[in-house]
Amino acid sequence: MSIQFLQQLAQSSDKEIVAIARAEGFDITTSEVKKLRPHLEQFSFSWLFLGIPKDILVEVEAVLGRKRSRQLIALFTK
């Protein structure tokens, strides 16, 4: 996943993010995107090397559940 793509996501509307996710085979609602957006805006380049901070993973899992949060993270690491 490129930094440019993540920056593009941060600038996209909630509906655009839903469409991008669906194109990648991940089903997400606009209300879930709204809940996750603050975490997208916190993204740091260091996450690519050190991994996503545990507190962020816990919050993403609280929104999406364990299975779906792992699917989402897999999209960002492929």
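Since the structure is predicted, the reported quantities are computational estimates derived from the model, not experimental observations. (Residues numbered from 1 in each chain as written. Predicted model: local features only at pLDDT ≥ 70, side-chain atom pairs only at ≥ 80, totals over all residues. Heavy atoms only, no water.)

Caption draft 1: Seen up close, the overall build of the protein. Looking only at helices and strands, one finds six helices and zero strands in the protein. Of the regular secondary structure in the protein, the N- to C-terminal order runs α-α-α-α-α-α. Against the 2.2 N^0.38 benchmark of 12 Å for 78 residues, the protein shows a C-alpha radius of gyration of 12 Å, consistent with a compact globule. With respect to the three principal axes, the spread of C-alpha positions in the protein is 30 × 25 × 20 Å. Classification of the 78 residues of the protein by burial places 28% in the buried group. Of the contacts made within the protein by residues no fewer than 6 positions apart, 53% connect residues no fewer than 24 positions apart. When the accessible area of the protein is evaluated, it comes to approximately 5300 Å², of which 56% is carbon and sulfur surface. In the protein, which carries 11 positive and 9 negative side-chain charges, the distance between the mean positions of the two groups comes to 5 Å. (Helix = DSSP H or I, 4+ residues; strand = E, 2+ residues; numbered from the N terminus. Rg over C-alpha atoms; globule rule 2.2 N^0.38 Å. Buried < 20%, exposed > 50% of the residue type's maximum accessible area, 1.4 Å probe, protein only. Contact = heavy atoms within 4.5 Å. Areas by Shrake-Rupley, 256 points an atom, 1.4 Å probe, with all protein chains shown as cover. Lys, Arg positive; Asp, Glu negative; His and termini not counted. Charge placed at Lys NZ, Arg CZ, Asp CG, Glu CD.)

Caption draft 2: Representation of the pattern of salt bridges in the model. Summed over the entire model, instances satisfying the criterion amount to five salt bridges. Salt-bridge contacts for Arg37 lead to Asp14; the nearest nitrogen and oxygen are separated by 2.7 Å. With Arg37 in helix α3 (residues 30–41) and Asp14 in helix α2 (residues 14–23), this pair connects stretches of sequence that are 23 residues apart. The exposure class assigned to Asp14 is buried, which follows from its relative accessible area of 14%. With a closest N to O distance of 2.9 Å, Arg22 and Asp27 form a salt bridge. A single network of salt bridges, built from pairs that share partners, joins Asp14, Lys34 and Arg37. (Salt bridge = Lys/Arg side-chain N within 4 Å of Asp/Glu carboxyl O.)

Caption draft 3: A look at the packing of aromatic side chains. Applying the stated rule across the entire model yields one aromatic pair. When the centroid spacing of 5.4 Å and the interplanar angle of 80 degrees are considered together, the rings of Phe43 and Trp47 count as edge-to-face. A relative accessible area of 25% means that Phe43 is categorised as partly exposed. (Phe/Tyr/Trp six-rings, centres within 6.5 Å; stacked < 30°, edge-to-face > 60°.)

Caption draft 4: Focus on α2. The set of residues buried in α2 consists of Asp14, Ile17, Val18 and Ala21. Viewed along the axis of α2, the buried residues span an arc of 100 degrees, placing them on a single side of the element. Of the exposed residues in α2, the ones pointing more than 90 degrees away from its buried face are Lys15 and Ala23. Of the residues trailing α2, Gly25 is marked for its positive phi of about 90 degrees. (Arc of directions from axis to C-beta.)

Spatial relationships are all this shows, so hold off on functional conclusions.
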